[in-house]
Amino acid sequence: KLAYSLLAIAGLVLIVLGWRAAGPGPQLFAPSPLAIRVAPFVMIAVFILLASSHAPAHLRAAVRHPMLIAVMLWSIVHLFANGDTRGTILFAAFLGWALVDLVSVVRRRAVATFEPRWRADLIAIVAGTLIALLVMTFHRVLFGLNIPKVGWVMAENLARHFGTVDRLMEATQEDLVEVEGIG
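Looking at the confidence of the model for the protein
Predicted coordinates in areas of low pLDDT are best not read in detail.
Then step 1. This prediction gives the protein a mean pLDDT of 87; 91% of its residues lie at or above 70.
Then step 2. Across the protein, the secondary-structure element scoring lowest on mean pLDDT is helix H7 (residues 152-162), at 72, and the one scoring highest is helix H4 (residues 66-82), at 95.

So, in structure tokens, the structure goes:
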């Protein structure tokens, strides 16, 4: 299991590095304002589902395949919230994989049996919510601001300096000059 976990982590790191190196590419469609608005709430649900996926939780018993449902929700909200070529390819690929895998496990009736415990649900809800809030707090620093023609390092500097896209959009020329790498 350890070797598989390390391989999975290495694969995820390679996906992130490849995504960062690819550049956004042309905008294929306008990002959905609805997807952008609901993304934080969907992501809390995603992390709760992920936290329950290996726990003897009632949520896991009800959903049956919480990790695959989480991947599908994550990929759908990110797919519609971005619209660039790179994001469309990445999130559509994850969505396609999760759908194929879900069909496979349903056909095979691959569902673990266990005795659900409310304590596991409570832990999944608390841990999932806390991890979601932590990831959302650092999302722009971790994944940049996705500003066309702005490099990764500059996007990190802008994110670190302004903290939110709203503050960046309201910035004056004097504010921008204060950012490391610009002024």
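Quick look at the packing of aromatic side chains
Then step 1. Overall, the coordinates contain three aromatic pairs when judged by the stated rule.
Then step 2. The interplanar angle of 80° and the centroid separation of 5.1 Å between the aromatic rings of tryptophan 74 and phenylalanine 91 together place this pair among those described as edge-to-face. Of the two residues, tryptophan 74 sits in helix H4 while phenylalanine 91 sits in helix H5 (residues 85-108), which places them 17 residues apart along the sequence.
Then step 3. With a relative accessible area of 6%, phenylalanine 91 lands in the buried category.
Then step 4. Between the aromatic rings of tryptophan 74 and phenylalanine 94, the centroid separation amounts to 5.2 Å while the plane-to-plane angle is 90°, which identifies the pairing as edge-to-face. Linking tryptophan 74 in helix H4 with phenylalanine 94 in helix H5, this pair joins segments that are 20 residues apart in sequence.
Then step 5. A relative accessible area of 22% means that phenylalanine 94 is categorised as partly exposed.

Observations regarding helix H1 (residues 2-22)
Then step 1. The end-to-end C-alpha separation of H1 is 30 Å, in line with the 30 Å expected for 21 residues at 1.5 Å each.
Then step 2. Phi for glycine 23, located one or two positions after H1, is positive at around 75°.

Topic: the pattern of salt bridges
Then step 1. Across all of its chains, the model carries one salt bridge by this definition.
Then step 2. The residue arginine 86 makes a salt bridge to aspartate 84 at a minimum N-O spacing of 3.7 Å. Across this residue pair, the class does not change: arginine 86 and aspartate 84 are buried.

A word on the nonpolar core
Then step 1. Counting ten residues, the largest nonpolar core is built from Ala35, Ala39, Met43, Val46, Phe47, Leu49, Ala70, Val77, Ala81 and Ala132.
Then step 2. Among the secondary structure elements, those contributing two or more residues to this core are helix H2 (33-52) and H4.
Then step 3. The leading source of residues in this core is H2, at six residues.
Then step 4. One finds Leu68, Val71, Ala98 and Leu102 within the second-largest nonpolar core, a separate group that totals seven residues.

Reading the values: rules and limits
- For every chain, the first residue of the written sequence is number 1, and numbering continues from 1 onward in sequence order.
- Local features in a predicted model are, by the rule used here, given only for residues with pLDDT of at least 70; side-chain atom pairs are given and counted only at 80 or more, and totals for whole chains, interfaces and linings are based on all residues.
- As a convention, hydrogens and water are excluded, and side-chain values are obtained from all of the structure's heavy atoms.
- For every residue, the pLDDT score states the predictor's confidence, bounded by 0 at the bottom and 100 at the top.
- Secondary structure counts use DSSP, requiring at least four H or I residues in a row for a helix and at least two E residues in a row for a strand, with both numbered from the N terminus.
- The criterion for an aromatic pair is that two Phe, Tyr or Trp rings (for Trp, the six-membered ring) have centres within 6.5 Å, with stacked assigned to planes under 30 degrees apart, edge-to-face to planes over 60 apart and tilted to the rest.
- Accessible area is worked out with a 1.4 Å probe on protein chains only. A residue is then buried under 20% of its type maximum, exposed over 50%, and partly exposed in between.
- Here the expected length of a helix is defined as 1.5 Å per residue gap, with one fewer gap than residues.
- When a carboxyl oxygen of Asp or Glu lies within 4 Å of a side-chain nitrogen of Lys or Arg, that pair is called a salt bridge.
- The definition of a nonpolar core used throughout is a set of buried Ala, Val, Leu, Ile, Met, Phe, Trp, Tyr and Cys residues joined through side-chain atoms within 4.5 Å.

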